[in-house]
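Take a look at the letters that make up each chain.
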Amino acid sequence: MLDTALSAPEMADFQADFSRLLAERPTIRILIYTDDPETTDGNGSFALGQMIAHIKAHKPTFAVLDIKFKCRNSDIETHADNKLDEATLDEYDQVWFFGFHQVNRKKYTMGMLRGGPESELVEAEVLALKNWMRTDKRGGGVLMTGDHSQEPPPDALPGTNELCPDATVQDEKFLGLGRAIGRCVPRAGRLRRWKGEPTRRPQDSFNTQVSVPGVDVNDSRLQIDPTPQHLVLRHFNEEGKPTPDGQPHPLFFYKGESWIRAFPDHTHEGAVVIPDEAEFADTETWPKGKTRQPRPHVVAYGIDERNCRLLNLVAAYDGDPARVGRIVADSTWHHYLNINLTNLGPPAPEGSAADQIGQYYGNLALWLTPLSKRKEMARLMFRWLATHPSMKEELHNDVLSIGRTAYSILSRVASPCEIHELLQADVPDEYREQFETLYFKEGGFALSSFPSKEMVCGHVVNWYQQEMIRAEISEDDKEARFMDEAVVDTGFRKAFEEQATQMTQLALKAQELIRTK
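Residues numbered from 1 in each chain as written. Predicted model: local features only at pLDDT ≥ 70, side-chain atom pairs only at ≥ 80, totals over all residues. Heavy atoms only, no water.

Peer 1: Sorry if this is basic, but what is going on with the overall build of the chain here?
Peer 2: Looking only at helices and strands, the chain has 13 helices and 16 strands in total. Since a compact globule built from 517 residues should have a radius of gyration of about 24 Å, the 24 Å found for the chain is in line with a globular shape. Its C-alpha atoms put the chain at 75 × 60 × 50 Å along the principal axes. Within the chain, buried positions represent 57% of all 517 residues. (Helix = DSSP H or I, 4+ residues; strand = E, 2+ residues; numbered from the N terminus. Rg over C-alpha atoms; globule rule 2.2 N^0.38 Å. Buried < 20%, exposed > 50% of the residue type's maximum accessible area, 1.4 Å probe, protein only.)

Peer 1: What's the story with helix α4 (residues 123-132) in this structure? I'm lost.
Peer 2: An α-helical segment advances 3.6 residues per turn. Residues three or four places apart therefore align on the same side. The set of residues buried in α4 consists of E125, V126, A128, L129, N131 and W132. Those residues of α4 that are buried are in contact with β1 (27-34), α3 (86-89), β3 (94-98) and β5 (141-144). (Contact = heavy atoms within 4.5 Å.)

Peer 1: How should I be thinking about the environment of R221 in this particular structure?
Peer 2: In this structure, R221 sits in the loop between α5 (179-182) and β9 (229-230). Note on R221: relative accessible area 56%, which makes it exposed. The spatial distance from the C-alpha of R221 to the C-alpha of Q209 is 9.5 Å, given a sequence separation of twelve residues. In this structure the side chain of R221 is engaged in a polar contact, spanning 2.6 Å, whose partner is the side chain of D219. (Polar contact = N/O pair within 3.5 Å; in protein donor to acceptor, adjacent residues only side chain to side chain.)

Peer 1: Sorry if this is basic, but what is going on with the nonpolar core here?
Peer 2: Grouped together as the largest cluster of nonpolar side chains are 86 residues, with contacts concentrated most on M51, F62, W96, F252 and Y360. Leaving out residues up to four positions away in the same chain, W96 has contacts with I30, L31, I32, Y33, M51, I55, L143, Y361, L364, A365 and L368. Membership of the second largest hydrophobic core comes to 29 residues, among which are Y33, A128, L129 and I327. (Core = buried A, V, L, I, M, F, W, Y, C linked by side-chain atoms within 4.5 Å.)

Peer 1: In this structure, what is going on with a nonpolar patch on the surface? I would like to understand it.
Peer 2: A surface patch of nonpolar side chains, about 280 Å² in accessible area, is lined by F445, L447 and L506. Among the structural elements, L506 can be located in helix α13 (residues 485-516). (Patch = residues over 30% accessible without salt bridge, like charges linked within 9 Å, V, L, I, M, F, W, Y side chains within 5 Å. Areas by Shrake-Rupley, 256 points an atom, 1.4 Å probe, with all protein chains shown as cover. Salt bridge = Lys/Arg side-chain N within 4 Å of Asp/Glu carboxyl O.)

Peer 1: I keep staring at the state of the cysteines and nothing clicks. Help me out?
Peer 2: Put plainly, a disulfide is one covalent bond tying together the sulfur atoms of two cysteines. By the definition in use, this model includes one disulfide. A disulfide bridge connects C164 with C184, and the sulfur atoms are separated by 1.7 Å. The sign of the 90 degrees torsion about the S-S bond sets the C164-C184 disulfide as right-handed. Within this pair, whereas C164 is found in the loop between β7 (156-157) and β8 (175-176), its partner C184 is found in the loop between α5 and β9, the two being separated by 20 residues in sequence. (Disulfide = S-S within 2.5 Å.)

Peer 1: Help me understand the sheet that holds strand β14 (residues 297-304) in this model?
Peer 2: What holds strands together in a sheet is hydrogen bonding between their backbones, with the strands either parallel or antiparallel. Strand order in the open sheet formed by eight strands is β2-β1-β3-β5-β16-β15-β14-β10, and the pairing between neighbours is mixed. If you trace the sheet from one side to the other, it starts and ends with β2 (64-71) and β10 (232-233), each paired once. One ladder, built from seven bridges, connects β14 with strand β15 (residues 309-317); its direction is antiparallel. Within the sheet, the bridge partner assigned to G302 lies in β15 and is L311. Packing against the sheet, helix α2 (residues 49-57) makes contact with β1, β2 and β3, and its axis sits at approximately 165 degrees to β2. Along the sheet, α4 makes contact with β1, β3 and β5, crossing β3 at roughly 140 degrees. (Pairing = 2+ DSSP bridges. Axes fitted to C-alpha atoms, helices over the stretch in contact; angles between N-to-C directions.)

Peer 1: Please explain the packing of α2 against helix α6 (residues 353-367) as it appears in this structure.
Peer 2: For any two helices packed against each other, one specifies the crossing angle of their axes together with the interaxial distance. Two elements in contact, α2 and α6, have axes whose closest approach is 8 Å; the angle formed by their N-to-C orientations is 80 degrees. Taken together, α2 and α6 sit at an angle that is classed as roughly perpendicular. Residues M51, H54 and I55 of α2 lie in contact with α6, whose contacting residues are A354, G358, Y361 and G362. (Parallel < 35°, antiparallel > 145°, perpendicular 65-115°, else oblique.)

Peer 1: Hey, could you run me through the pairing of β2 in this one?
Peer 2: Sheet faces and side chains relate simply in a regular strand, where the side chains alternate between the two faces. Note that β1 and β2 share eight bridges and pair parallel. Within the sheet, the bridge partner assigned to T34 lies in β2 and is C71. Tracing the backbone out of β1, into α2 and back to the parallel element β2 gives a crossover that is right-handed. (Right-handed = clockwise from strand over helix to strand, strands pointing away.)

Peer 1: How should the pattern of salt bridges be read in this particular structure?
Peer 2: Pairing between side chains becomes possible if they bear opposite charge and their charged atoms approach one another. Here the structure, examined in full by the defined rule, presents 34 salt bridges. For D318, the salt bridge goes to R326, with nearest N and O atoms at 3.0 Å. A single salt-bridge network, built from bridges that share partners, covers E120, D166, E172, R179, R183 and K195.

Peer 1: I'm lost on the packing of aromatic side chains in this one. Help?
Peer 2: Pairs of aromatic rings are described using the distance from one ring centre to the other and the angle between the two planes. Under the definition given, this model contains 20 aromatic pairs. When the centroid spacing of 5.1 Å and the interplanar angle of 80 degrees are considered together, the rings of F435 and F450 count as edge-to-face. Of this pair, F435 sits in the loop between α10 (429-432) and α11 (453-471) while F450 sits in the loop between α10 and α11, and the two are 15 residues apart along the sequence. With a relative accessible area of 3%, F450 lands in the buried category. Here a set of aromatic residues connected by ring pairs shows up, and it is made of F98, F252, F263, Y336, Y360 and Y361. The aromatic ring of Y254 is capped on one face by K255, whose charged end is 5.5 Å from the ring centroid. Positioned above the aromatic ring of F280, the side-chain terminus of R295 is 4.2 Å from the ring centre. (Phe/Tyr/Trp six-rings, centres within 6.5 Å; stacked < 30°, edge-to-face > 60°. Lys NZ or Arg CZ within 6 Å of the ring centre and 35° of its normal.)

Peer 1: What is the right way to look at the side chain of K373 in this model?
Peer 2: Residue placement: K373 occurs in helix α7 (residues 371-386). The exposure class assigned to K373 is buried, which follows from its relative accessible area of 12%. Polar side-chain contacts of K373 include one of 2.6 Å to the backbone oxygen of T27.

Peer 1: In this structure, what is going on with helix α8 (residues 399-413)? I would like to understand it.
Peer 2: The terminal C-alpha atoms of α8 lie 22 Å apart, and with 15 residues this matches the ideal 21 Å at 1.5 Å per residue to within 8%. Listed in full, the buried residues belonging to α8 are V399, S401, I402, G403, T405, A406, Y407, I409, L410 and V413. The N-cap of α8, judged by a side-chain oxygen 3.1 Å from the amide nitrogen of L400 a few residues on, is D398. (Expected span 1.5 Å × (residues − 1).)

Peer 1: What exactly am I supposed to notice about the side chain of N207 here?
Peer 2: Here N207 shows up in the loop between α5 and β9. Polar side-chain contacts of N207 include one of 3.0 Å to the backbone oxygen of V217.

Peer 1: Looking at this structure, I do not really get the pairing of β15. What am I missing?
Peer 2: Joining the antiparallel neighbours β14 and β15 is a turn of four residues, in which C308 adopts a positive phi near 65 degrees. Where β15 lies against strand β16 (residues 327-330), four bridges are found, and the strand directions are antiparallel. Counterpart to A315 in the pairing with β16 is A329.

Written out as structure tokens, the structure reads:
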């Protein structure tokens, strides 16, 4: 989206600069990993073509997306020929798991709910994933999906992976769909329930469908109608801690200060879970950062109309403070499949349920991106802002005026989630490591420990421009200098310092008022 408020010459400069920016964007590489070859970007009921089209309609501004599919089982004749390994994972920034098989089986039988002797991840795959999820390697992000539990196949075999043994598997009456490739993924596998309830039976299922006149709420036809479920969003304060106040998780940022409330529904979903507190004593699985041990949180709930129960739909784990990749766990892959997007596909008008769902997919692709790549995007964003034609007129204005203009320009080309995530990615470590997530206010000065987005943009852009003036160097050298981390860090520190100064002055004025009474 280009800035139509510019004059013709300015628009020409803007378009040229925008084109140059497009050529410099980093690429976010996403692997969709499944165990059923029918799960592709095509038009089948259990394919993901509609989701991919939605993502393309809500792609980030400061990165390119490259989405590939890989099936563990290539075809009807070949089983487990596409295991995950370090070489494969090193090509990608994220892995989205769409598993259907439940468990290892004695004999390979092709089909969505079937499988074979190596349906489950083996030890080498788990170790490769664990290594890939470290930020000193890749910091890879994971989307973990699955579905409800059902009876295991009669020829089920216990897993042989000693890194995540499950000796009770043959005694279980119900095993979750997607368990085979999902259960042993580090941390991500702990955020879904892989055995026992919920099942597809009416008495113990999780049903998020919205009833309509004349149709029973248990009728699976409701999952293909144009009426989605309505999300109940959990709120977080400015430090990323759950609270009744605050705002929803960035995954659900929509337009301006509105939120994504619509989601595809399904008649029998699986279950998202948060590990018991005792599990976090295992710091090998749940590592600690310098100042804190990040925890997963449920960030969105659904409602079962039959009994008014809240159901955990989406959980998020921000591994940035612990130097590991981020994770999102979902109660079911039906939130992404073509069949559930039958009447909720793109293109969709702004504000519609379908557009909200599409924005969620776009936010997801951005939020799971490794910190190092989000930093690349942030540096490109700041460099583009600082050299934008409209910023020339702001050069001698105060910092907040510069910030207002910069943030206004940015809001015309990037989504609220992208802006939030890129600002947060470039916060200096001494600030970012103290909190799980930093929520910057929108504009001006607010009663907060953190500066507003406008103030951050103003200080970073101003500092960059002042460096250009002081250095009096060529345009190429200006850009190279701006890429220096110290330039951006200085802008952030100045924004935090100004916020602290204004908060102090406000407190002093309040004390004076008290004394004069």
